[in-house]
Amino acid sequence: IRWAESSPAYATGAVFVGADKPGALMKIDAETGQLIYSVPTSGPVESSPVIHNGKVYMGCNHGYVYCFDADTGKEIWRGGLGGSVESAPLVMDGKVFAGSKSGAFAALDADTGKEIWRAETGAEIWSGGAWADGAVVFGDNAHNVRALRADTGETLWTYKADARFETTPAVHNGVAYIGCHAGFLHAVRVSDGKLLWRFLTGWDIDDSHPLIYNGLVIFGSTDGRVYALKVD
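Now for a look at the structure at hand. (Residues numbered from 1 in each chain as written. Predicted model: local features only at pLDDT ≥ 70, side-chain atom pairs only at ≥ 80, totals over all residues. Heavy atoms only, no water.)

**Some words on the sheet that holds strand β23 (residues 226-230)**
Moving on, step 1. With antiparallel pairing, 3 strands are arranged side by side in an open sheet as β21-β22-β23. Two strands bound the open sheet, and with one partner strand each, they are β21 (211-213) and β23. Going across the sheet, the axis of each strand differs from the next one's by a mean of 25 degrees, ignoring polarity.
Moving on, step 2. Pairing between β21 and strand β22 (residues 216-220): 3 bridges, direction antiparallel. Counted as the bridge partner of Tyr213 is Leu216 from β22. (Pairing = 2+ DSSP bridges. Helix = DSSP H or I, 4+ residues; strand = E, 2+ residues; numbered from the N terminus. Axes fitted to C-alpha atoms, helices over the stretch in contact; angles between N-to-C directions.)

**Digging into the nonpolar core**
Moving on, step 1. Membership of the largest hydrophobic core comes to 15 residues, with the highest contact counts inside it found for Val137, Val145, Trp157, Tyr159, Phe165, Cys180 and Val190.
Moving on, step 2. For this core, the elements supplying multiple residues, two or more each, are β15 (144-149), β16 (155-160), β18 (175-179) and β19 (184-189).
Moving on, step 3. Apart from the residues within four sequence positions on either side, Phe165 is in contact with Trp126, Ser127, Gly139, Asp140, Asn141, His143, Asn144, Val145, Ile178, Gly179, Cys180 and His186.
Moving on, step 4. Judged by nonpolar contacts, the second largest core, of 13 residues, contains Ala11, Val45, Val56 and Ala70. (Core = buried A, V, L, I, M, F, W, Y, C linked by side-chain atoms within 4.5 Å. Buried < 20%, exposed > 50% of the residue type's maximum accessible area, 1.4 Å probe, protein only. Contact = heavy atoms within 4.5 Å.)

Here you go:
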């Protein structure tokens, strides 16, 4: 891979990853490293692929969300969001949720790509969405964490912070954990958007998505450290 900013996904003995230059979805044998196929996209890919029900869902920097057949690499559909889609899409409840730098966050039918709803936020979206009991939670570049109803796209709440959000939140026991460019890890209650606590690292939190494991929220900061905080 000449240039890769996409994180890999694994399914059925293969590794799937997006290539930035040139834009492509690549499928690689997990045991041997042999390339199985490389399918070109309309532009560079920074989004990480998601595998679900034999399909690969992935964004690209030319504003599309793609759906490919995982076995063959055949394109099934693509849906346009009007701006670069750089985070991994969220596939839940028969829908594909994704945001773009155009400010649009949309729900697409996972089988057909038909747009179910679209919310215009007015701010670039680099963050991916996280599922939270019938809502989708994500951050934007206008310093907001937003929760939208998964069935309609209606805004449930907005939490205002000190800096932009690039990371995808992790949701656990009714709390969304998300880092911001000012170096804070925020714990936000998903029922009403109330800040429960925040923790300041030594520098920005930009590209490290938090992981919940064994009562800890684990993430990296550009201060050169990996942090593990108790979720409570």
